[in-house]
Amino acid sequence: MPGDGDEPPQRTQDRSGADDEDALLAVRAREGDEEAFEVLVRRHGPVLLQLGVRMLGDRTEAEDAVQDAFVSAWRRLPEYRSEAAFRTWMYRIVTNRCLNLLRTRRPVADLDAVAEQATPEHAGSPARAAEAGAALEELSVALARLSPEQRACWVLRELHGLAYKEIAEAVGISHQAVRGRIFRARRYLMEAMGAWR
């Protein structure tokens, strides 16, 4: 069952090969190869934008956060040392940018951020579409009520499929703290979404 163990849901078989390729591209970029960095941006930009939208609830803010993260990564490439996968390093930079933004504003739910996840099968029935829309609206509100740290851990685990260790590296907290935040987020979301079970 997804979310029960340490292995992330939807883990790809060939992740280590992609991580090795990313590490080589990062080394080339560190040496000044802009094209290598562009490959990394194209490869990781879409998933990082999804992360930003899911955390911030606003596509424009998410685009700015991801763009700032890549600018920061480019400047900080000399500090990057392949101990963590490049994607984990970028998750950390984007997550930190999003958390900083969330801490400086009041929680606001943008329903469009969650509504993108609606499945096409609901389009055939107006009643099912209305029900799905109401459930997504309630989920969006519930996610907005989580603390920024809980939301970050939950989104990285449940929507991006990262392992607890990767989340700990991305968020900069201990493995146990990740487990605790995800547990509390799941418990809150189950209570908030109780009517939809």
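Before reading further, recall that the structure is shown in the block above.
These notes cover the structure that comes with them. Being a predicted model, the structure only gives us computed values, none of them experimental.

## Regarding the nonpolar core
Phase 1 of the analysis: Formed by 47 residues in total, the largest nonpolar core has its most connected members in Phe37, Met55, Phe86, Trp89, Met90, Leu156 and Ile167.
Phase 2 of the analysis: Contributions of two or more residues to this core are made by helix H1 (15-30), helix H2 (34-56), helix H3 (59-76), helix H4 (86-103), helix H6 (126-145), helix H7 (148-159), helix H8 (164-171) and helix H9 (175-192).
Phase 3 of the analysis: Sequence-distant contacts of Trp89, defined by excluding residues within four places in its chain, comprise Ala73, Arg76, Leu77 and Tyr80.

## Let's talk about the pattern of salt bridges
Phase 1 of the analysis: Applying the stated rule across the entire model yields ten salt bridges.
Phase 2 of the analysis: The partner of Arg186 in a salt bridge is Glu158, and the shortest N-O contact between them spans 2.4 Å. One end of the pair, Arg186, is in helix H9; the other, Glu158, is in helix H7, with 28 residues separating them in the sequence.
Phase 3 of the analysis: A residue is classified by how much of its surface remains accessible, and Arg186, at 22% relative accessible area, is partly exposed.
Phase 4 of the analysis: Taking relative accessible area as the criterion, Glu158 reaches 23% and is therefore assigned partly exposed.
Phase 5 of the analysis: Among the ionic contacts, a cluster of salt bridges with common partners joins Asp19, Arg87 and Glu166.

## Brief notes about H4
Phase 1 of the analysis: Taking 1.5 Å of rise per residue, 18 residues should cover 26 Å, and H4 covers 26 Å from first to last C-alpha, within 8% of that figure.
Phase 2 of the analysis: Restricting attention to buried positions, one finds in H4 the residues Phe86, Arg87, Thr88, Trp89, Met90, Tyr91, Ile93, Val94, Thr95, Cys98, Leu99 and Leu102.

## Notes on the packing of H2 against H7
Phase 1 of the analysis: Relative to each other, H2 and H7 sit at 140 degrees, their axes nearing to 10 Å. By the criterion of interaxial angle, the relationship of H2 to H7 is oblique. H2 and H7 meet at a crossing whose hand is right-handed. Here H2 contributes Leu51, Arg54 and Met55 to the contact with H7, which in turn contributes Pro148, Arg151, Ala152, Val155, Leu156 and Leu159.
Phase 2 of the analysis: Considered class by class, the residues forming the contact of H2 with H7 number seven nonpolar, no polar and two charged.

## Things to note about the packing of aromatic side chains
Phase 1 of the analysis: Within this structure, the stated rule accounts for five aromatic pairs.
Phase 2 of the analysis: Considering the side-chain rings of Phe86 and Trp89, the 5.7 Å spacing of their centres and the 55 degrees angle between planes classify their relative orientation as tilted. Of this pair, Phe86 and Trp89 both sit in helix H4, three residues apart, which is roughly one turn of that helix. As far as burial versus exposure is concerned, Phe86 and Trp89 are alike and both buried.
Phase 3 of the analysis: Joined through ring pairs, the aromatic side chains of Phe37, Phe70 and Trp74 make up one cluster.
Phase 4 of the analysis: Here Arg157 stacks its cationic end above the ring of Tyr164, 4.4 Å away from the centre of that ring.

Rules and cut-offs
Residues numbered from 1 in each chain as written. Predicted model: local features only at pLDDT ≥ 70, side-chain atom pairs only at ≥ 80, totals over all residues. Heavy atoms only, no water. Core = buried A, V, L, I, M, F, W, Y, C linked by side-chain atoms within 4.5 Å. Buried < 20%, exposed > 50% of the residue type's maximum accessible area, 1.4 Å probe, protein only. Helix = DSSP H or I, 4+ residues; strand = E, 2+ residues; numbered from the N terminus. Contact = heavy atoms within 4.5 Å. Salt bridge = Lys/Arg side-chain N within 4 Å of Asp/Glu carboxyl O. Expected span 1.5 Å × (residues − 1). Axes fitted to C-alpha atoms, helices over the stretch in contact; angles between N-to-C directions. Parallel < 35°, antiparallel > 145°, perpendicular 65-115°, else oblique. Left-handed = near helix turned anticlockwise from the far one by under 90°. Nonpolar A, V, L, I, M, F, W, Y, C, P; charged D, E, K, R; others polar. Phe/Tyr/Trp six-rings, centres within 6.5 Å; stacked < 30°, edge-to-face > 60°. Lys NZ or Arg CZ within 6 Å of the ring centre and 35° of its normal.

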